[in-house]
Amino acid sequence: MGDITWVEEGNGGSAISSRKRKARPKRFEFLGWGSRQLIEFLQSLGKDTSEMISRYDVSDTIARYIAKEGLLDPSNKKKVVCDKRLVSLFGSRTIFRMKVYDLLEKHYKENQDDSDFDFLYEDEPQIISHSEKIAKRTSKVVKKPRGTFAAIVGDNIKLLYLRKSLVQELVKSPDTFESKMLGSFVRIKSDPNDYLQKYPYQLVQVTGVKKEPGTDDFLLQVTNYVKDVSISVLSDDNFSQEECEDLHQRIKNGLLKKPTIVEMEEKARTLHEDQTKHWLGREIVLLKRLIDRANEKGWRRELSEYLEKRELLQNPEEQARLLREVPEVIGEEPVPNPEVSSPEAHKSDNEQRLSESPLSCIQETPEVRNLFGGEDQQFNNGYLMSNPGTTPGITSYGTEINEGLPTWIASAGAS
């Protein structure tokens with residue numbers, strides 16, 4: 001067929017493309033809930049595929065498989081050199097380790113869209129005008145606001161916040177520990193020698209992970225802290241609003257990089273399953289204590305509520321629903337343009353001085369109109385505006401306004 005050929009027409013300003021059959025996307029064959037490639041890969045590892053396995057679990061399984069087989073690129077640890085099984089699954093010889101979760105999306109039947117498999121050509125030649133090509137390029141640019149920053153608020157930070165007990169669970173999987181810790185937030189005690197710190201605890205971002213010399217323990221490298229941090233000193237409590245505002249101020253001061261919505265969403269997806277499972281475990285343990293206490297105190301209404309909530313959280317369908325929820329990141333509110341001034345700024349100097357004068361406080365009434373010369377006075381929104389050319393006794397107001405305003409007060413019946 002050859003490449004597309006363009007024929008320019010002198011007056012029409014349009015181009016005619018020759019017919020070309022573009023590459024058609026590969027249609028997967030699905031065996032139940034997943035593609036044949038995914039099902040065969042999981043079965044080769046001894047996994048039961050009779051029920052759907054979440055993307056998070058499959059991604060974790062692939063990460064373990066990559067570590068076990070030693071498939072990381074020695075020159076670039078972010079890349080994976082695919083073996084025969086992974087090539088069959090992903091159709092590529094190399095992939096990025098952090099993109100495994102996204103690559104699995106098309107292997108789930110629930111994510112399929114029939115429009116993805118339509119033919120990308122038409123039988124008749126397409127007439128494409130120059131203006132249409134420019135509009136198409138412009139529309140593509142508008143649809144990619146990837147530079148939008150995420151708001152530094154509690155609802156966003158908690159998507160990336162890791163408690164000490166959760167970090168202790170993650171460290172049991174050393175192959176994925178570093179990738180999950182990098183970019184997350186932890187809570188530590190402030191340095192007592194740092195007089196700039198106003199709060200006993202502070203939120204810090206993990207920037208590096210390394211092994212403690214002579215042991216198998218990990219040390220964390222974090223922002224706003226000189227020394228490496230041991231996992232044992234992390235906080236297992238919630239962070240406060242003041243600590244979140246302190247983090248926001250450090251980001252505004254340039255001590256931390258301001259995260260974008262895309263970066264925070266990608267990181268939140270990698271932590272969502274671990275955080276949800278950890279939260280479910282903590283919540284069920286807490287409910288057990290509350291149920292025991294309600295039994296001891298005889299609190300029937302509270303006992304019924306606690307039992308109902310525990311039954312809901314122990315329901316597999318509810319747990320699956322919580323795991324399927326996509327973390328939503330709140331965008332930063334746009335900063336108002338300082339060049340857009342208030343309506344008061346558009347007033348002229350005379351109007352501004354007139355609005356501040358005592359005469360502007362005299363309301364329009366028949367008595368006041370007669371007092372100041374009848375119809376010769378101008379009223380604006382019910383307030384008097386003097387005409388110095390026709391009003392006796394106020395001729396100097398317009399010329400001497402900068403030297404001092406009149407101090408007399410007009411009232412009905414005054415002579």
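Data block above holds the structure.
Below or above, wherever it landed, is the structure these notes cover.

Quick notes on the rules
- Residues numbered from 1 in each chain as written.
- Predicted model: local features only at pLDDT ≥ 70, side-chain atom pairs only at ≥ 80, totals over all residues.
- Heavy atoms only, no water.
- Helix = DSSP H or I, 4+ residues; strand = E, 2+ residues; numbered from the N terminus.
- Buried < 20%, exposed > 50% of the residue type's maximum accessible area, 1.4 Å probe, protein only.
- Areas by Shrake-Rupley, 256 points an atom, 1.4 Å probe, with all protein chains shown as cover.
- Phe/Tyr/Trp six-rings, centres within 6.5 Å; stacked < 30°, edge-to-face > 60°.
- Core = buried A, V, L, I, M, F, W, Y, C linked by side-chain atoms within 4.5 Å.
- Axes fitted to C-alpha atoms, helices over the stretch in contact; angles between N-to-C directions.
- Parallel < 35°, antiparallel > 145°, perpendicular 65-115°, else oblique.
- Left-handed = near helix turned anticlockwise from the far one by under 90°.
- Contact = heavy atoms within 4.5 Å.
- Nonpolar A, V, L, I, M, F, W, Y, C, P; charged D, E, K, R; others polar.
- Pairing = 2+ DSSP bridges.
- Salt bridge = Lys/Arg side-chain N within 4 Å of Asp/Glu carboxyl O.

## Describing the overall build of the protein chain
In step 1: When its secondary structure is counted, the protein chain shows 14 helices and 14 strands.
In step 2: For the protein chain, with 415 residues in total, the buried portion stands at 32%.
In step 3: When the accessible surface of the protein chain is totalled, it reaches about 27,700 Å², and 50% of it is carbon and sulfur.

## A word on the packing of aromatic side chains
In step 1: Across all of its chains, the model carries four aromatic pairs by this definition.
In step 2: For the pair phenylalanine 41 and tyrosine 65, a centre-to-centre distance of 5.5 Å together with 85 degrees between the ring planes defines the contact as edge-to-face. With phenylalanine 41 in helix H1 (residues 36-44) and tyrosine 65 in helix H2 (residues 55-69), this pair connects stretches of sequence that are 24 residues apart.
In step 3: Accessibility expressed as a relative area gives 7% for tyrosine 65, which makes it buried.
In step 4: With a centroid separation of 4.8 Å and an interplanar angle of 40 degrees, the aromatic rings of phenylalanine 177 and phenylalanine 218 are classed as tilted. One end of the pair, phenylalanine 177, is in helix H8 (residues 174-181); the other, phenylalanine 218, is in strand E11 (residues 218-222), with 41 residues separating them in the sequence.

## Some words on the nonpolar core
In step 1: Phe177, Met181, Val186 and Leu220 are the most contacted members of the largest nonpolar core, which totals 35 residues.
In step 2: Contributing elements (two or more residues each) for this core: helix H6 (154-160), helix H7 (164-170), H8, strand E9 (185-189), strand E10 (201-211), E11, helix H9 (241-252) and helix H10 (261-297).
In step 3: With 20 residues, the next largest nonpolar core counts Trp33, Ile39, Ile53 and Val80 among its residues.

## Let's talk about the packing of H8 against H10
In step 1: Where H8 contacts H10, the axes come no closer than 10 Å and their chain directions differ by 130 degrees. By the angle class used here, H8 and H10 are oblique. In this structure, H8 meets H10 at a crossing whose hand is left-handed. Each of Ser179, Lys180 and Met181 in H8 lies in contact with H10, whose residues at this interface are Lys267, Thr270, Leu271 and Asp274.
In step 2: Partitioned by chemical class, the residues of the contact of H8 with H10 number two nonpolar, two polar and three charged.

## A look at the sheet that holds E11
In step 1: The strand order E9-E10-E11-E12 describes an open sheet built from four strands, whose pairing is antiparallel. At either end of the open sheet lies a strand with only one pairing partner, and these are E9 and strand E12 (229-230).
In step 2: With five bridges joining them, E9 and E10 adopt antiparallel strand pairing. Directly across from phenylalanine 185, in E10, lies its bridge partner glutamine 205.

## Looking at the pattern of salt bridges
In step 1: Applying the stated rule across the entire model yields 21 salt bridges.
In step 2: Between lysine 172 and glutamate 169 there is a salt bridge whose closest N-O contact spans 3.4 Å.
In step 3: Judged by relative accessible area, which is 60%, lysine 172 ranks as exposed.
In step 4: A salt bridge links arginine 321 to glutamate 325; its shortest N-O distance comes to 2.7 Å.
In step 5: Residue arginine 321 is classed as partly exposed on the basis of its relative accessible area, which comes to 35%.
In step 6: Judged by relative accessible area, glutamate 325 falls into the partly exposed class, the value being 37%.
In step 7: Here the salt bridges do not stand alone but share partners, grouping Glu29, Arg36 and Glu40 into one network.

## As for the pairing of E11
In step 1: Counting buried residues in E11 gives four out of five residues, a clear majority hidden from the surface.
In step 2: Strand direction decides the pairing type here: E10 and E11, joined by five bridges, are antiparallel. Its bridge partner lying in E11, valine 206 is registered against valine 222.
In step 3: Counting the residues that bridge the hairpin from E10 to E11 gives six residues, and of these glycine 214 lies at a positive phi of roughly 80 degrees.
In step 4: Hairpin connection of E11 to E12: six residues between the antiparallel strands, including asparagine 224 at a positive phi of 60 degrees.

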